[in-house]
Amino acid sequence: GTYNVTITDLNGCTNTGNVVVTVNATPDATITDPGDFCSTDVAFDLTAATSGGTWTGDGITDATNGTFDPSAASIGTNTITYDVTSSGCSASDQIDIEVFNTPDASITNPGDFCSDDVAVDLTAATSGGTWSGTGITDATNGTFDPTSVTPGTYTITYDVESGSCTDSDQIDITVNATPDATITDPGDFCSTDAALDLTAATAGGIWSGTGITNTTNGTFDPSTANIGTNTITYDVTSSGCSASDQIDIEVFDTPDASITDPGDFCSDDAAMNLTAVTAGGTWSGTGITDATNGTFDPTSVTPGTYTITYDVGTGSCTDSDQIDITVNATPDATITDPGDFCSTDAAFDLTAATAGGTWSGTGITNTTNGTFDPSTASIGTNTITYDVTSGGCSASDQIDIEVFDTPDASITDPGDFCSNDAAMDLTAASTGGTWSGTGIIDATNGTFDPTSVTPGTYTITYDVGTGSCTDSDQIDITVNATPDATITNPGDFCSDDAAFDLTAATAGGTWSGTGITDVTNGTFDPSTANIGANNITYEVTISGCTGTDNITINIAETPDATITDPGIICITDAVFNLDAVTSGGLWAGDGITDNSAGTFDPSVAGVGVHLITYQVNNGSCDDSDQINIEVIDTPDASITSVGPFCQNDPAVNLEAATPGGTWTGTGITDENSGTFNPSQANIGDNVITYTVSIGACSASSQTTIQVLESGDASITPVGPFCYDEFTVQLEVDNYGGNWEGAHVDNNGLFNVGTARAGTHTVVYTISGVCGGSDTINIVVYPANFVVEYSIQNPSCFGGDNASVEFAVLGGTPPYTYSWSTASSDTSYIDGLTAGVYQFTISDVNGCEVNVETINMFDGSRDCLRIPNAFTPNDDGINDNFIIENLEFYPDSWLQIFNRWGQLLFEAGPNEEPWDGTYNGNPVPTGSYIYVLSLQSELDDVVGIVTIVR
């Protein structure tokens, strides 16, 4: 046809024209569906709405005629395409042809079964079919269960299909009866019982196990079996089917109760476990405190003879024995304490509660009479033992007897003392006494101090002893005067002074010390003495007393002015003090800034060679020396300033005025090239040191390089939140940046109340060359709950049939319910009594709504109560069934049944009076069922009561 077309461009300009269109008919390539095929079907020519096209696809053996051969196609889906062209127009169509394999239903024969065999899945050549027949319990898997049929032969059928292709097969399966091997339990045996032939449900099998002496007859002989459990097995086979059974036969040993005689006991013997030939029995008799272990305790009975019985055995195999045990009284060995003795006391006979025993111990001279002689005993503690035996029972006792030595106060003469002697502890034959007299400064140790008295003779007394044993002694001690050895001080000397005779207050003594060349005259020669201090000693003796004095004579050595050469000096070296062999002199020369200390300042001296002079004296001895000191120039270590850097800036090489030195400091990664890496440095100031040397002179300088932290704008994630009117302070590692977002202020305060439910984006940016940025999303959950609930109050006063049901709108389900005084995890709760309840409802996000209170109010009438059920009468005429508040239920109906369901009593609405009591019929002791129907209520009241007469 002809079509009018208008075209408009972006600027609104248009153009209109006519278009002539010629349309040719498109051929119809629709294929006629031939249906499905079996793999053994004959070839077939396909057709389409428009003929003359070309056919392709699996199974097409003639592309022009569209011949489809199932034997040449694939098993399964085969896609066939038909393409046709007419008047320049083309069309195409496709269909899927299913080819099914011809199935083979041949069944694999499983053979015969026994009636107790486990179920087995049958198989066939082609799987996927359906099984049928008696014994088939699963038609799909072909499960045949021999236990589901009685012994016999059964025909099994298998049908299988693939599309329209089917096949079927049958087999006969024989199920033979499995014999019953159940053993008849003969019970337990004793080891002396006669042999017995065991029996089983099906005879003719084989017996085995400990105690079986004939495997065919099943003869069990207890004498050949184990004492204890014997497992017996019976195996039997019939028509190719076998069965087996086992039982455990207990054989008990015939016990021997013969008791081992423990002999007689003493009344204080420890408890003892009695024994018998066969253990495990029960002991009895006076003195037995443990019937299981046969514990006999002599301390639990009085002395005498007691019969003990032992019974042992299990079932019909038991034995018993008796013995007589005699308990003899134990004697009392308690010793009478005689008190303490002195070493010179007379011998003494000891005594004990029971006589006739034996005494022993240090000091015992007669073991029969117990004679104790202090003179033969030890000084101090003596342990005495007494052993006594009566009626075969022994006892023993011990005491400690103290023997004190008679002291000897004889004093050891110390001789005379000098007035300057050191204090001395006096001694005596016996220690431990008390000293007294002029010059005694310690009464316990007997310390005598000659320096505490004037020269003369003094009487000293010593007293010693304990109790009635004491002694005393005295001596005279003379203290002689010590001569005065004080030396006259000659003063100090020089090392080259002449020899000199020393003097002291008391002449006639002996001189010693370094520099003394004549010990009698006290000649001191400085040339032989030590330079410095020399200790001189003078010792003089008169009347056996010696005086001693010491002085120190100092020798001054002639000084040595030799100067220690400091070597070459750098002009930038620190000021230092020159040294000489003998210090204390005066220094002069260029660079000397302190003549006494010898302070040399290289910067004052300047570059060049400088003459230095040193003059020193020591008293009248002096000396002088000179040296030349060379001062050289020092390199310039000035560092070229750099920075600041950001923490993530690349590394740079630092520079100094004089190259070739060494770089150190935090951030330096190459000490030779001076590489500074900001990422390896500290945030803030980093002190960098540069050291360079020229010859013996070094220079060093420092610079501070600032490293700025690369802005970490990371925001600490928060939320999610349940919607409410509140704000949240957002946290970052580095504050001072800018916040962006619809509900966040400049301080990072996020307002949940204005944000409401949804996801809200917040951005934090730190400006500057080392800045950064971070973004978080804050989720706010909806929390605008609307809670509606309906209340069902208790139907009667004190009732527990109240309930509450909730309906929740808003939030995000599912919801969780939490009660204050009741438990429920659903929107409905019942079984409530009157009272006040609180609950919390939260949604899946944890958002909560609290309902403060729900009030449950009691009904207007009392609830029916049965406080004590039946009250039997003593005379048995009738029984009262008491019900409280029955007056509120005048239309009630009561029925009482026994445990067999027989109605014993009933009363209806016409029963009078309505006092809450129903009268019943006399009944025996037992349990009864009552049904109280309240015609005005929905439910009956049902319960059980028990009558006890």
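Residue positions are given per chain, counting from 1 as you read along its sequence in written order. Local features are withheld for residues below a pLDDT of 70 in this predicted model, meaning they are given only at 70 or higher, and side-chain atom pairs are given and counted only at 80 or more; totals for whole chains, interfaces and linings count all residues. In computing side-chain values, all of the structure's heavy atoms are included and hydrogens and water are not.

(A) Region of interest: the confidence of the model for the chain. Across the chain, the average pLDDT comes to 86, with 89% of residues at 70 or higher. Confidence scores per residue from the predictor, reported as pLDDT, run from 0 to 100. Contact criterion: two residues are considered in contact whenever any of their non-hydrogen atoms come within 4.5 Å of each other. A low-confidence stretch, residues 936–940 stays under pLDDT 50, and its non-local contacts, those more than four residues away or across chains, total 9 contacts.

(B) Spotlight on unusual backbone geometry. That bond from Gly643 to Pro644 is cis: its omega, 0 degrees, falls within 30 degrees of zero. Under the DSSP-based scheme used, a helix requires at least four consecutive residues in state H or I and a strand at least two consecutive residues in state E, with every element numbered from the N terminus. Residue placement: Pro644 occurs in the loop between β58 (621–632) and β59 (645–646). Of note, the amide linkage connecting Gly719 to Pro720 takes the cis form, showing an omega dihedral of -5 degrees. Summarising the element assignment, Pro720 is placed in the loop between β65 (697–708) and β66 (721–722). With a phi angle near 55 degrees, Ser87 is a residue other than glycine that sits in the positive phi range.

(C) Here's a closer look at the side chain of Asp145. Here Asp145 is to be found in the loop between β14 (143–144) and β15 (152–162). Taking relative accessible area as the criterion, Asp145 reaches 18% and is therefore assigned buried. Of note is the side chain of Asp145, whose polar atom sits 2.6 Å from the side chain of Thr147. When residues no more than four places from it in sequence are discounted, the contact partners of Asp145 are Asp117, Ala119, Gly135 and Thr137. Relative accessible area decides the class of each residue, using a 1.4 Å probe on protein chains only: under 20% of the type maximum gives buried, over 50% gives exposed, and in between gives partly exposed. Throughout this description, a polar contact denotes any pair of N or O atoms lying within 3.5 Å of each other; where both atoms belong to protein, one of them has to be capable of donating a hydrogen while the other can accept it, and for residues adjacent in sequence the pair is counted only when both atoms sit in side chains.

(D) View of the pairing of β65. Of the two faces of β65, only one is covered, namely that formed by Cys697, Ala699, Ser701, Thr703, Ile705 and Val707; the face formed by Ser698, Ser700, Gln702, Thr704, Gln706 and Leu708 stays uncovered. Here β59 runs beside β65; their pairing, made up of 2 bridges, is parallel. For Phe645, the partnering residue across the bridge sits in β65 and is Val707. Only when DSSP finds a minimum of two bridges between them are two strands counted as paired. Pairing analysis gives 11 bridges linking strand β64 (residues 684–694) to β65, with the strands arranged antiparallel. Bridge pairing in β65 links Thr691 to Ser700.

(E) Focus on the packing of aromatic side chains. A pair of Phe, Tyr and Trp rings is counted when the ring centres sit within 6.5 Å of each other, with Trp represented by its six-membered ring. The angle between the planes then sorts it: under 30 degrees is stacked, over 60 is edge-to-face, the rest tilted. The final tally for this structure, using the stated rule, is 23 aromatic pairs. Pairing Trp359 with Tyr386 gives two aromatic rings, centres 4.4 Å apart and planes at 40 degrees, and the pair type is tilted. Remark: Tyr386 occurs in strand β36 (residues 380–390) and Trp359 occurs in strand β33 (residues 358–360); sequence separation between them is 27 residues. Here the two residues Trp359 and Tyr386 agree in accessibility, since each one is buried. Between Phe493 and Phe500 the ring centres are 6.0 Å apart and the planes differ by 50 degrees, which places this aromatic pair in the tilted class. In this structure an aromatic cluster arises from ring pairing among Phe37, Phe44 and Phe68.

(F) Here's a closer look at the environment of Ile259. Along the chain, Ile259 falls in the loop between β23 (241–252) and β24 (265–266). The exposure class of Ile259 is buried, given its relative accessible area of 11%. Along the backbone, Ile259 and Thr309 are 50 residues apart, and their C-alpha atoms lie at a distance of 8.8 Å. Among residues more than four places away in sequence, those in contact with Ile259 are Thr275, Ala276, Trp283, Ile308, Tyr310, Asp321, Gln322 and Ile323.

(G) Molecular detail of the state of the cysteines. Cysteine sulfur pairs qualify as disulfides if the two atoms are within 2.5 Å. For the coordinates displayed, the defined rule picks out 8 disulfides. At a sulfur-sulfur separation of 1.7 Å, the disulfide partner of Cys190 is Cys317. Note that Cys190 is positioned in strand β17 (residues 189–190) and Cys317 in strand β30 (residues 317–328), a separation of 127 residues in sequence. Assigned by exposure class, Cys190 and Cys317 land together as buried. What pairs with Cys266 in a disulfide is Cys393, and their sulfur atoms sit 2.0 Å apart. Judged by the sign of its S-S torsion, about -105 degrees, the cystine formed by Cys266 and Cys393 is left-handed.

(H) Spatial organisation of the sheet that holds strand β73 (residues 802–809). Strands sit in the order β72-β73-β75 across an open sheet of 3 strands; the sheet is antiparallel. The open sheet has two edge strands, β72 (786–792) and β75 (828–832), and neither has a second partner. Sheet twist, expressed as the mean angle between neighbouring strand axes with direction ignored, is 15 degrees. Alignment of β73 against β75, held across 3 bridges, turns out to be antiparallel. Considered in β75, the bridge of Val804 is made with Ile829. Each axis is a line fitted through C-alpha atoms, and for a helix only the stretch in contact is used; angles between axes span 0 to 180 degrees, taken between their N-to-C directions.

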